[in-house]
There are 2 protein chains.
Amino acid sequence: MNLKELARKLDLSPTTVSRALNGYPEVNEETRARVAAAARRYNYAPNSRAIRLATGKAMAIGHVIPIAARHEIVNPVFADFIAGAGETYSRSGYDMVLTVVPDMDEERVYRELKARGTVDGIILHAPRLQDARLALLTEIGFPFVVHGRVTEATLPYSWVDVNNRRAFLRATEFLLDLGHRRIGLINGLEFMDFAFRRRSGFEQALAARGLTPDPALMASDEMTETAGYRAASRMLGLAAPPTALLVSSMISAIGARRAIQDRGLTLGRDVSVIIHDDELSYLRNGEAVPIYTATRSSVREAGRLAAQMLLDIIADPASAPQQRLLEAELIIGQSTGPAPQA
Amino acid sequence: MNLKELARKLDLSPTTVSRALNGYPEVNEETRARVAAAARRYNYAPNSRAIRLATGKAMAIGHVIPIAARHEIVNPVFADFIAGAGETYSRSGYDMVLTVVPDMDEERVYRELKARGTVDGIILHAPRLQDARLALLTEIGFPFVVHGRVTEATLPYSWVDVNNRRAFLRATEFLLDLGHRRIGLINGLEFMDFAFRRRSGFEQALAARGLTPDPALMASDEMTETAGYRAASRMLGLAAPPTALLVSSMISAIGARRAIQDRGLTLGRDVSVIIHDDELSYLRNGEAVPIYTATRSSVREAGRLAAQMLLDIIADPASAPQQRLLEAELIIGQSTGPAPQA
DNA sequence: TGTTTTGTCCAAAGCGGTTTGAAAATGATT
DNA sequence: AATCATTTTCAAACCGCTTTGGACAAAACA
């Protein structure tokens, strides 16, 4: 069933039927009702391919998921971020187009997405401290919103981010207040912008108390269970091991926990741990009482907000870039306690 | 830059240019070369919206991600499955369209996807023991491939699945051979087809040794850390606790491990654990030596295969339904050992 | 030499909508 | 009753490609 057929059945022109369904004013309310009824009756839904060609809009947003060539790791927060973004898109009749790309190919993919008109805008994932994609997307004229920030950007751009620096600053202060002095940081890869900011919050908190960070107590790697285990193991094996760990993700923390237990230590008593919790739906941080003390911020909510921001920008391309900084809450769980006496 | 413009620059008709670029034989090799050169030079890529309308194909595959209304849980294997499928799609010039849907709305969404012609086929995720979506998709005439199976299906359909029953059968036998007699099963929700099959493998192995499964040693819930913890805690607190656990996912196992340690028990000595490992990229089961003894099967590979199967079916709609059963390997890690003497 | 065949190219008709510009029908005004 | 304004409807152009059904020239054949 297409527009022409439906029009024929109604003894109306396609023009009128189209306008009736799209709420244009120049159509008699009575006929509009007739049209609506017939559309429902014949189960008519306008062909999206035709709409897209006619309007010149793709009604779709692109999410490019870069796969690190070396490790083949899919960022575990994607699933929830995308679930959030997807909610927003459904409400607005947009589709979400996912493209999985080996990370060297990203530029080609963006250019093609634009040239072929497959999507109207882009959500930029996993930004780096300096990120060539910002200039690229601006150059090719794609509306886009970054999930995260790009510290070394020169031009304004739209983003949704968590206040990573402040979250880690507060977490560090919390540990310092508990008497911890040797605090280990198990961070993500520090060419990633969020990881860089987290370290800077950590260092700033130490500096404020006149402490200098010990390079041996800082690790930067993929945020996997294995990497978390490795980093924690190494630190706990030092002559002067840390009494507390600041861990960049729930998943690394699982590894860190394993390392702690392998050494016969007890989490929250011998070693305190604070994590950053993205509220991944399949890795909830406990139920009533959180397992881990954590800085918490919902990545799904970030997805909703970023998607909405992008749709707003597409609706009004002349608007100035928008920003949204989310604050993480510091929630107290069972993984932290006062520093053990030396 | 569009086809007409490019044709004008070349002093050719759009017809010829189109044919030259699409490899049709009725065009002089010399002009084909000219066209190709010009296309590259002017950075021409055909508008995908126009192609789609003209050919009547969407060149896109739909993945509908149902969100359980209660728990808002995104299946953690999605990310990797989709990464695999995405690889296949890119190679074939297909897009991947993701739709996030509250699970009651699925039917409406499939019908709309079809009526609007947004996608050419569907990958069906998370099938149930009996699943109305099979009949629905068949009725509306969508080519589709199921990731998993539908035990109570009446008609043939295409699927890619792991031999869950045999995997859990073998895992159980392995534990029995180690002398374990009280084995707990921490399973996914058993209206899900894979979970049902896993339990049946478990029970079959017990039955083969004349053992009857103890209902107190079987749990069925979401495969989250929390649920894994809860189930393991409960079982270990029984008067006659299990000496081994069969756990349906890496994530539940993390919870189970926490429960084991909370009770002061040691994994692999006091309590053996075998998991099913989907090889999630951010939750690798150790490196050289696996942490957990596991039945292992790559969900990413399943994604690749399912996507390819669907593309094949779309290319040849008359073909018979295809099936692909993957065997899981049983890999030995550090989480299992002989049953402790009572 | 005239007729076929083959190799190249093109005009025009879709695909299924939206949108512009004009026509027809109705109502209001004189 | 004639004129003008307002509603309501429609025909046709357009979006940017693919594809059908020739057209035309050169080569092959009779």
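No experiment lies behind these values; they were computed from the predicted model shown.

Caption draft 1: Geometry of the domain arrangement of chain A. Domain boundaries in chain A define domain 1 (3-46), domain 2 (60-161 + 300-326) and domain 3 (164-296). Relative to domain 2 of chain A, the C-alpha centre of domain 1 of chain A lies at a distance of 37 Å.

Caption draft 2: The arrangement of the UniProt feature "domain: HTH lacI-type" (unreviewed entry) in chain A in detail. UniProt's feature table lists "domain: HTH lacI-type" (unreviewed entry) at residues 1-55 of chain A, given in the numbering used throughout. As annotated, residues 1-55 of chain A has a helix share of 67% and a strand share of 0%, and its two end C-alpha atoms lie 20 Å apart.

Caption draft 3: Molecular detail of the protein's contact with DNA strand D. What surrounds DNA strand D is a group of 26 residues, the closest being T15 and E26 of chain A together with L3, S18 and R19 of chain B. Restricting the count to atoms of DNA strand D within 4 Å of the protein gives a sugar and phosphate share of 61%. For DNA strand D, a phosphate oxygen lies 2.8 Å from a polar atom in the backbone of S13 of chain A. Contact between DNA strand D and N22 of chain B: a phosphate oxygen at 3.1 Å from a side-chain N or O atom of the residue. Elements with a contribution of two residues or more to the surface near DNA strand D: α2 (14-21) and α4 (48-55) of chain A together with α2 (14-21) and α4 (48-55) of chain B. Sorting elements by how many residues they give to the surface near DNA strand D places α4 of chain B first, with four residues. Residues of the surface near DNA strand D, tallied by class, amount to 11 nonpolar, 11 polar and four charged.

Caption draft 4: Spotlight on the nonpolar core. Grouped together as the largest cluster of nonpolar side chains are 114 residues, with contacts concentrated most on Y89, L245 and V273 of chain A together with Y89, L245 and V273 of chain B. Counting residues in hydrophobic clusters, the runner-up holds 42 residues, among them A58 of chain A together with V109, Y110 and I140 of chain B.

Caption draft 5: A look at the pairing of strand β1 (residues 60-67) of chain A. All names here are of chain A. Counting buried positions along β1 gives eight out of eight residues, so the element sits mostly inside the fold. Judged by which residues are buried, β1 turns out to be covered on both faces: A60, G62, V64 and P66 on one side and I61, H63, I65 and I67 on the other are all buried. Bridge analysis of β1 against strand β2 (residues 95-102) gives eight bridges, and the strand direction is parallel. If you follow H63 over to β2, its bridge partner there is L98. Taken together, the three bridges between β1 and strand β3 (residues 121-124) define a ladder with parallel strand orientation. Bridging across to β3, H63 finds its partner in I123.

Caption draft 6: Spotlight on the protein's contact with DNA strand C. Taken together, 26 residues lie near DNA strand C, and L3, S18, R19 and Y24 of chain A together with S13 of chain B sit nearest. Close to the protein, within 4 Å, the atoms of DNA strand C are drawn from sugar and phosphate at a rate of 58%. At 2.8 Å, a backbone N or O of S13 of chain B approaches a phosphate oxygen of DNA strand C. Between DNA strand C and T31 of chain B there is a distance of 3.0 Å, counted from a phosphate oxygen to a side-chain nitrogen or oxygen.

Rules and cut-offs
Residue positions within a chain follow its written sequence, with the count starting from 1. Here chains are named by letter from A upward and ligands by number from 1 upward, in the order in which they appear as written. Predicted model: local features are reported for residues with pLDDT of at least 70 only, side-chain atom pairs are reported and counted for 80 or more only, and whole-chain, interface and lining totals are derived from all residues. With hydrogens and water stripped out, all remaining heavy atoms of the structure feed into the side-chain values. Each domain's extent was defined by an automatic or database domain assignment. UniProt positions are given in the numbering used here, feature names are shortened, and annotations may be inferred rather than shown by experiment. A run of DSSP states H or I qualifies as a helix once it reaches four residues; a run of E qualifies as a strand once it reaches two. Both are numbered from the N-terminal end. To be near a molecule or strand, a residue needs just one of its heavy atoms within 4 Å of it. Any N or O atom pair separated by 3.5 Å or less is treated as a polar contact, with the protein-specific requirement of one donor-capable and one acceptor-capable atom, and with residues adjacent in sequence counted only for side-chain atom pairs. Under the grouping applied here, Gly and all other residues not named as nonpolar or charged are polar, the nonpolar ones being Ala, Val, Leu, Ile, Met, Phe, Trp, Tyr, Cys and Pro and the charged ones Asp, Glu, Lys and Arg. Only buried residues count toward a nonpolar core, which is a set of Ala, Val, Leu, Ile, Met, Phe, Trp, Tyr and Cys residues joined through side-chain atoms within 4.5 Å. The classification of residues rests on relative accessible area computed with a 1.4 Å probe and restricted to protein chains. Under 20% of the type maximum is buried, over 50% is exposed, and intermediate values are partly exposed. Strands are labelled as partners when DSSP assigns at least two bridges between them.

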